[in-house]
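Given next are the chains, with one letter for each unit.
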Amino acid sequence: MTEVNNEKLHIRLHVYDEEIEVTIKRSDEEFYRKAAKLITDRYNAYSQAYKGKKGEHTIALMTLIDIALMYERELGNNDTDPYNSVLTKLTSEIEEALK
C-alpha cells in the first residue's frame, strides 16, 4: 500500500487567478505544471486582447479552443497511418520479388 502512495503526489496548481489542488501520478507533475502555465499564458493573452470587449466565460472558451486546436494539429502531425500503409505495400512488394 505504501508503494501506491509514493506514486501519487498532492500539488497545488496556479491556473490564471485560481489555486487548484490535485492528486496526480508523481511522474506527471511536470506535465501538469506546464499545462497550468500554458492555460494561464493563453488566458492572459486573450484577456488582454479582448479586455472590456468579451466576458470571462467567452475568454475561457477562446482559450480552450486555442489549446484544443494546438492539440488537434499535433495529433495530425503524428499520424503514422500513411507511413504504415506505404511500409505495408513496400513489404508486400519485396516479399513478392523474393519469391
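Residue numbers run consecutively from 1 along every chain, following the written order of its sequence. Confidence filtering applies because this is a predicted model: local features only for residues at pLDDT of at least 70, side-chain atom pairs given and counted only at 80 or more, and all residues used for totals across whole chains, interfaces and linings. Water and hydrogen atoms play no part in the side-chain values, which are based on all heavy atoms of the structure.

Asker: If you had to explain the overall build of the protein to someone new, which residues and values would you point to?
Answerer: In this description a helix means any DSSP run of H or I spanning at least four residues, a strand means any run of E spanning at least two, and both kinds are numbered starting from the N terminus. The number of helices and strands found in the protein is four helices and two strands. For the radius of gyration, the atoms used are the C-alpha atoms, and the globule rule reads 2.2 Å times the number of residues raised to 0.38. Against the 2.2 N^0.38 benchmark of 13 Å for 99 residues, the protein shows a C-alpha radius of gyration of 22 Å, more extended than a compact globule. Dimensions of the protein along its principal axes, counting C-alpha atoms only, are 70 × 50 × 15 Å. In this analysis, two residues are considered to be in contact whenever any of their non-hydrogen atoms come within 4.5 Å of each other. Nonlocal contacts in the protein, meaning residues at least 24 apart in sequence, comprise 22% of its contacts between residues at least 6 apart. Accessible surface area values rest on a Shrake-Rupley calculation with a 1.4 Å probe, where residue burial reflects the displayed protein chains alone. Of the accessible surface of the protein, which amounts to about 8400 Å², a share of 55% is contributed by carbon and sulfur atoms.

Asker: Please give an account of the side chain of Asp66 that cites residues and values.
Answerer: Its place among the elements puts Asp66 in helix H3 (residues 56–77). Here Asp66 is in contact with Arg42 and Tyr46, once residues within four sequence places are set aside.

Asker: Give a detailed account of the pairing of strand E2 (residues 18–25), specifying residues and quantitative values.
Answerer: Of the strand pairs in this sheet, strand E1 (residues 8–15) and E2 are connected by eight bridges, and their pairing is antiparallel. Bridging across to E2, Lys8 finds its partner in Lys25. As consecutive antiparallel partners, E1 and E2 are separated by two residues, and within that stretch Tyr16 has a phi angle of approximately 50°, a positive value. We call two strands paired when DSSP finds no fewer than two bridges between them.

Asker: I'd like a rundown of the side chain of Thr40, residues and numbers included.
Answerer: When you line up the elements, Thr40 lands in helix H2 (residues 29–49). Polar contact is the term for a pair of N or O atoms within 3.5 Å; when the atoms are in protein, one must be able to donate a hydrogen and the other to accept it, and sequence-neighboring residues count only if both atoms are side-chain atoms. A distance of 2.9 Å separates the side chain of Thr40 from the backbone oxygen of Ala36, its partner in a polar contact.

Asker: Talk me through the nonpolar core; I want residue IDs and the actual numbers.
Answerer: Residues belong to a common nonpolar core when they are buried Ala, Val, Leu, Ile, Met, Phe, Trp, Tyr or Cys residues joined through side-chain atoms within 4.5 Å. A 1.4 Å probe rolled over the protein chains alone gives each residue an accessible area, and that area as a share of the maximum for its type sets the label: buried under 20%, exposed over 50%, partly exposed in between. Judged by nonpolar contacts, Leu9, Ile11, Leu13, Val15, Ile24 and Ala36 together constitute the single largest core of six residues. Looking at this core element by element, the count peaks at four residues for E1.

Asker: An account of the pattern of salt bridges is needed here, citing residue identities and associated values.
Answerer: It is possible for side chains bearing opposite charge to pair when their charged atoms get close. The salt bridge criterion pairs a side-chain nitrogen of Lys or Arg with a carboxyl oxygen of Asp or Glu, the two atoms within 4 Å. Counted according to the given criterion, the structure contains five salt bridges. For Arg42, the salt bridge identified is with Asp66, shortest N-O distance 2.5 Å. With a gap of 24 residues between them, Arg42 in helix H2 and Asp66 in helix H3 connect regions that are remote in the sequence. With relative accessibility at 26%, the residue Arg42 sits in the partly exposed group.

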